[in-house]
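Spelled out, the chains give:
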Amino acid sequence: MPARSHHWRTESSQQPGPPPEGIPPQRTPAPLRFALKALVLPFMLLDLVVQKIIQTLSPPPYKITGGCKQRGHCCHYILMQWPPILDKWPWFRAFWLWWHTDIHGFYSRGFDAEGPNGEVVKVMSCRYLQKDGRCGQYPLRPAICRQWPRIEFTSRPHLLKGCGYQILPRNPPPSDDNTISK
Ligand code: SF4
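Since the model is a prediction, treat every value here as computed from it, not as a measurement.

Undergrad: Please explain the site of the ligand as it appears in this structure.
TA: By nearness alone, every residue bordering the ligand is listed as Cys-75, Ile-78, Phe-106, Cys-126, Tyr-128, Leu-129, Cys-135, Gln-137, Arg-141, Pro-142 and Cys-145. Tallied by class, residues from the shell around the ligand come to nine nonpolar, one polar and one charged.

Here it is in structure tokens:
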């Protein structure tokens, strides 16, 4: 599990359709959504820069090459940890759901999954994924999308089928092909 964001994604490459009842509408007016995302953007970028600096100073065991082929697999099944505190504090749960669904545009797939340590994770998709695989809010996409595919310090990273990225060991042993690709 990622140490910072508590977000990760499934191996599935299935392309699910929209929920039978339709994608729930966003209730926050579009200009307000835009303003909130624009407001947090500098802080998010600063956080990502700090993470980049840390990774430069202390490189993780794997590195990424290649590029996004806009297949959209990673936007269909977004697994988000459900922290236990959300069950204790209803106001925080309401805020968490509002932020991720109304502002970021994710919506529930209608079922939960279990994380590697037995924790509850919410399975979500994103309403901003376009039919051609492009992101409909690319400049304002959330951090979870900017950090995918994730490189961890302590666990072997993985990619989704058809992903245009490759993950290579930073210091491969001679003549050993440890490339991770799909
Ligand atoms: S915001 Fe963009 S990159 Fe992130 S899940 Fe939605 S469509 Fe994909």
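Undergrad: I tried to follow the pattern of salt bridges on my own but got confused; where do I start?
TA: When their charged atoms lie close together, side chains carrying opposite charge are able to pair. Taken as a whole and judged by the stated rule, the model has two salt bridges. A salt bridge links Lys-122 to Asp-112, with the shortest nitrogen-to-oxygen separation between them at 3.1 Å. Taken together, the residues Lys-122 in strand 5 (residues 120-126) and Asp-112 in strand 4 (residues 106-114) connect sequence positions 10 residues apart. Between Asp-132 and Arg-134 there is a salt bridge, and its shortest N-O distance comes to 2.7 Å. Judged by relative accessible area, which is 41%, Arg-134 ranks as partly exposed.

Undergrad: Sorry if this is basic, but what is going on with the pairing of strand 3 (residues 78-81) here?
TA: The side chains of a regular strand alternate, first on one face of the sheet and then on the other. Burial along strand 3 is two-sided: the face carrying Ile-78 and Met-80 and the face carrying Leu-79 and Gln-81 are both buried. Here four bridges tie strand 3 to strand 5, and the two strands are oriented antiparallel to one another. Note on strand 5: the bridge partner recorded for Leu-79 is Val-123.

Undergrad: Looking at this structure, I do not really get the state of the cysteines. What am I missing?
TA: Cysteine pairs can be covalently joined through their sulfur atoms, and such a bond is termed a disulfide. Using the criterion set out here, one finds zero disulfides in the structure. Unpaired in terms of disulfides, Cys-163 finds its nearest cysteine sulfur in Cys-74, a separation of 6.8 Å. Residue classification places Cys-163 among the buried positions, given a relative accessible area of 18%.

Rules of the game
- Residues numbered from 1 in each chain as written.
- Predicted model: local features only at pLDDT ≥ 70, side-chain atom pairs only at ≥ 80, totals over all residues.
- Heavy atoms only, no water.
- Near = heavy atom within 4 Å.
- Nonpolar A, V, L, I, M, F, W, Y, C, P; charged D, E, K, R; others polar.
- Salt bridge = Lys/Arg side-chain N within 4 Å of Asp/Glu carboxyl O.
- Helix = DSSP H or I, 4+ residues; strand = E, 2+ residues; numbered from the N terminus.
- Buried < 20%, exposed > 50% of the residue type's maximum accessible area, 1.4 Å probe, protein only.
- Pairing = 2+ DSSP bridges.
- Disulfide = S-S within 2.5 Å.

Geometry only, nothing functional implied.
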